[in-house]
Structure formats: structure tokens, C-alpha cells
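# Structural overview
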Amino acid sequence: MSHVVTTVTTTSWGGRMKNACGGVCFGVLLFFGSFPLLVWNEGRSIERYESLEEGKRVVVPVGDPSAAVDPNNEGKLIHITGTAEAGSNVSDAFFGISPPNVLKLRRDVEMMQWKESKSEKTEKTNGGGERTVTTYSYSKVWSSYVINSAGFYDTHENPSDMPFTSLVFAANPINIGSFELSDALVSRINWYSDINEAVSVDSISDESARSEAKKYGNGFFFGQDPAYPEVGDVKIMFQAVPEDTITVVGSQSGNSFSSYLTQRGGTILLLRRGPHTPEEMFLLAEKDNVMLTWALRFAGFFVMFLGLKMIIQPLEVMADVIPVIGPFVGDLVGAASEALVALVAGVLSSLVIAVSWFFYRPLFAALFLSVTGVLIYSIKKKLEEQKASHSDASSPAYEITKIRDPEYDQV
């Protein structure tokens, strides 16, 4: 059950104008900060694309991962598929958890705590002011980190620290045939699932923890009643990554792997779960690059939009002070400004992206703009022809008849 507290605050027109003018400075920073973000993203995207294209050309497939490491491939970009096997047992000695044939084991610790949620409803008042109704709601949630309750509006206290720590245990080494995975690759093995082995309170090594623990599914609970947890109660669950087939693309470094440095200056070190051909590995990497590129483009657009919105915010506040119709005019100005800002941010961000392509790949950008220009000219020409034909079709036809005067002919 949640606890709710509501407060009402008012802000004068002068206070709103002061806040809006103060936000202009931050808006300017956001606006100009979006430009280097967009430019950097295009450079990063092109570098990644060219690096992957180079990788596709030079990658060397390794047929049998269990065969002896070929020294002739030292420093080369290789592709290998095989079963990732644990070179040692993986266990959580404190809780006595040691599932067989796993690459990694994760201990997830969560504590029941208070969480504050805040919602605001603002309405404009006569004279350009605002009335804000703020609702604070407090509910109990499981959290993997300590929620700081010092900043809560109402008095709800959480413990200051976690009695146990979330940890990850990995086999050392993890092998794929004759090769050993580097730490960078091991960190990418993250397809965890719940362990199937039953746990026992008797396996906990610490006597104090053993006396307080209760079996809770495939984990443990520390508290009075798992069905009715209170603030400060803790639950611990375990997940593992079993041995499985993986595919790696990286630079051969002895009997291990490292990042391959491309001529473009990028790096290649890929790992995927399951069997994949070299073509599939690079195709998936290219899809990841495209998704990241568009995500950062949208982020740059949003930062630019937010900056421009903050810059022109004083205009809406100024309109709100108009007697009687101020709030309506302010809302109208706000809606119109948002549409205008979105349009400007879209045009500017697209322009920045196009200019970035000129900087990083001038020939491609020139070709793209040439094709775009031809298309625009063709569309314009087509519209003019349609307009001309429409005008001819809608104009009345007149037949000019020459009337001859007999007397004039006799002259």
C-alpha cells in the first residue's frame, strides 16, 4: 500500500519570467552542444562502417577450433566458432552455490525499500502566474541499489547500505577449442538464466547469515516473512550462463584474442552466442551500428529541440500576462513555438548531418546532393508541366473568323 502526500504551490509571473530567462542560458548550451554530438556521431558511424568493410575483406576463417593455434595467423583478424567451456568451477563460496558446467555465475541482491514518485499538475492563473499541485507517493519496492531517502519530501527512511553485495563470478579461463577468451570477451557473455540446482541454507558458510536465511525459490530471503516483506528485508537470487556455442571475430594474439586495429583507426572485436558465419557476424555488427547511429541522431535532435524550446520560453510567459485572454494566448504561443522549434531542429540537425558527410566523405556527399538536386529539378519540372497543361485545358477556345467586305475586295 502506498502513502500519498499532496502540496500546492504558486508562482508569480515575475518568478516564472525569472526562471524562463535563467533557462535561456542553459538552452543556449544545449543548442550549441547538439552540433558536436551530431558531427561526432556521423564520424563514428562512418569509421565503424569502413572498419567493418575492411574486416570483411581480410577476415581469416579458422575451421577447427580444437586444432593447434596457427602462428601464421598471429595479428590477423580471425573468425572462429565453437563451444565455450569453463576451465574451472564457478562458485559463490559464501552462499555455497556451485552449479556445474557454467561460464559465469551472478549473485543478484535486492532490498525492500521506500521509493518516492512525484507527479505535478500545473495550471495558469490570472496575471500570468501558475498554480502547481504536486503529489508525492511512497511505495515499497525491491531495489538492487540503496535508494537515498534523505531527499524525500515526507519522512520515509531507508537503510544506508546493503547487507550483501551483488557479484559476478566467472570461470578462469574460458576456452573455445585451443583459444582462451580475453577479459574483454568474457565481459560480453551475459545471457543469464535462472540456475536449475536447488539451494540449501546449510550451504551458507557464515554462521550468522545461515541462522537468519530462509530458502526463497532458488535463492535466499533475509527477513521475517517472504510473503510480507518489510523495508530492510533482503532477497538473493542466482543466475548463470551455461556452456554454449559462441562465435568470435578478433585479432589472434597468441592463443587468445585482442581488438583488431583497422587502417581507418577503428577496432573490431566481436562475440555472438550461437554459430555464425563471418558474413553474418559483420552483418549483425553493421545493424548494431545503424541502430546506434539513428539513436544518437535522435538524441542530437532532441537536445537541439530542448535547447531551442528553453531559449524561446520567455515568449510564452510574456503572453500569459495579457489580461483575461493571457493564458489562452500563452498556450497558443506555446503550441505554435513547439511546432516551429521541432521544424527548425529537424532542418538544422539534418543540415549538420549533411555537412558532416561532406567533411568525412565529400565524394559520396557530393554525389548524394547531385542526385537530390536532379530529383528536385525533375519534380519541379513535372509540376510546371502539369500546371501548364491544366491552364491550357481550363482556358476557353476562341475561333477567329475573318469577315470579308465585298466592297473592300473590289477596291
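Thresholds applied
- Residues numbered from 1 in each chain as written.
- Predicted model: local features only at pLDDT ≥ 70, side-chain atom pairs only at ≥ 80, totals over all residues.
- Heavy atoms only, no water.
- Helix = DSSP H or I, 4+ residues; strand = E, 2+ residues; numbered from the N terminus.
- Contact = heavy atoms within 4.5 Å.
- Areas by Shrake-Rupley, 256 points an atom, 1.4 Å probe, with all protein chains shown as cover.
- Axes fitted to C-alpha atoms, helices over the stretch in contact; angles between N-to-C directions.
- Parallel < 35°, antiparallel > 145°, perpendicular 65-115°, else oblique.
- Left-handed = near helix turned anticlockwise from the far one by under 90°.
- Nonpolar A, V, L, I, M, F, W, Y, C, P; charged D, E, K, R; others polar.
- Pairing = 2+ DSSP bridges.
- pLDDT = per-residue confidence, 0-100.
- Salt bridge = Lys/Arg side-chain N within 4 Å of Asp/Glu carboxyl O.
- Buried < 20%, exposed > 50% of the residue type's maximum accessible area, 1.4 Å probe, protein only.
- 1 Å grid on protein atoms, 1.4 Å probe; cavity = no way out; pocket = protein on both sides within 12 Å on 5 of 7 lines; lining within 4 Å.
- Points joined across faces, edges and corners; volume = space filled by probe spheres on them.
- Expected span 1.5 Å × (residues − 1).
- Bend = angle between axes of the 7 residues up to and from the residue.
- Phe/Tyr/Trp six-rings, centres within 6.5 Å; stacked < 30°, edge-to-face > 60°.
- Lys NZ or Arg CZ within 6 Å of the ring centre and 35° of its normal.

## As for the overall build of the protein
- If you tally the helices and strands in the protein, you get 8 helices and 17 strands.
- Long-range contacts, defined here as pairs at least 24 residues apart, represent 71% of the contacts in the protein between residues at least 6 apart.
- In the form shown here, the protein has an accessible surface area of approximately 24,300 Å², with 59% of it arising from carbon and sulfur atoms.

## Examining the packing of helix α1 (residues 13–58) against helix α4 (residues 278–311)
- It is at 7 Å that the axes of α1 and α4 come closest, and there the two elements cross at 165°. Accordingly, the angle class assigned to the pair α1 and α4 is roughly antiparallel. Every pair of crossing elements has a handedness; the one defined by α1 and α4 is left-handed.
- Of the residues that constitute the contact of α1 with α4, the class distribution is 24 nonpolar, 10 polar and 7 charged.

## Notes on the pairing of strand β10 (residues 213–216)
- Bridge count for β10 against strand β11 (residues 219–222) is 4 bridges, and the pairing is antiparallel. Bridge pairing in β11 links Tyr216 to Gly219.
- Where β10 folds back onto β11 in an antiparallel hairpin, the turn is made up of 2 residues, including Gly217, whose phi is positive at roughly 60°.

## Details of the confidence of the model for the protein
- Summary statistics for the protein give a mean pLDDT of 87 and a share of 87% for residues scoring 70 or more.
- Long-range and interchain partners of residues 397–403, a stretch whose pLDDT sits below 50, account for 0 contacts in this model, where long-range means more than four residues apart.

## Details of the pattern of salt bridges
- For the structure shown, the criterion picks out 12 salt bridges.
- The residue Lys118 makes a salt bridge to Glu120 at a minimum N-O spacing of 3.6 Å.
- Overall, Lys118 belongs to the exposed group, its relative accessible area being 52%.
- Taking the relative accessible area as the measure of exposure, Glu120 reaches 53% and is therefore exposed.

## Overview of the layout of surface pockets
- Within this model, the largest pocket holds a volume of roughly 240 Å³.
- Lining the largest pocket we find 12 residues, and of these Ser45, Tyr49, Val290, Arg297 and Trp357 sit closest to its centre.
- Elements with a contribution of two residues or more to the lining of the largest pocket: α1 and α4.
- The leading source of residues in the lining of the largest pocket is α4, at 6 residues.

## Quick look at α1
- In a regular helix each residue adds 1.5 Å, so 46 residues correspond to 68 Å; α1 covers 66 Å between its end C-alpha atoms and thus fits that length.
- Along α1, the sharpest change in direction is near 25° and occurs at Cys25.

## Details of the packing of aromatic side chains
- As enumerated under the stated definition, the model contains 18 aromatic pairs in all.
- With a centroid separation of 4.8 Å and 40° between ring planes, the pair formed by Phe164 and Phe222 is classed as tilted. Placement of the pair is Phe164 in the loop between β5 (130–143) and β6 (167–170) and Phe222 in strand β11, with a sequence separation of 58 residues. With respect to burial, Phe164 and Phe222 carry one shared label: buried.
- Residues Tyr216 and Phe221 carry aromatic rings whose centres are separated by 5.8 Å and whose planes lie at 40° to one another, so their mutual orientation is tilted.
- The class of Phe221 is buried, set by a relative accessible area of 0%.
- What links up through ring pairs into an aromatic cluster is the set Phe94, Phe95, Phe164, Phe220, Phe222 and Phe238.
- A cation sits over an aromatic face here: Arg106 above Tyr192, 4.1 Å from the ring centre.

## Observations regarding the environment of Ile78
- Tracing the sequence through the fold places Ile78 in strand β3 (residues 77–86).
- For Ile78, a relative accessible area of 0% corresponds to the buried category.
- Each C-alpha atom, one on Ile78 and one on Pro61, is 5.6 Å from the other, the two residues being 17 residues apart in sequence.

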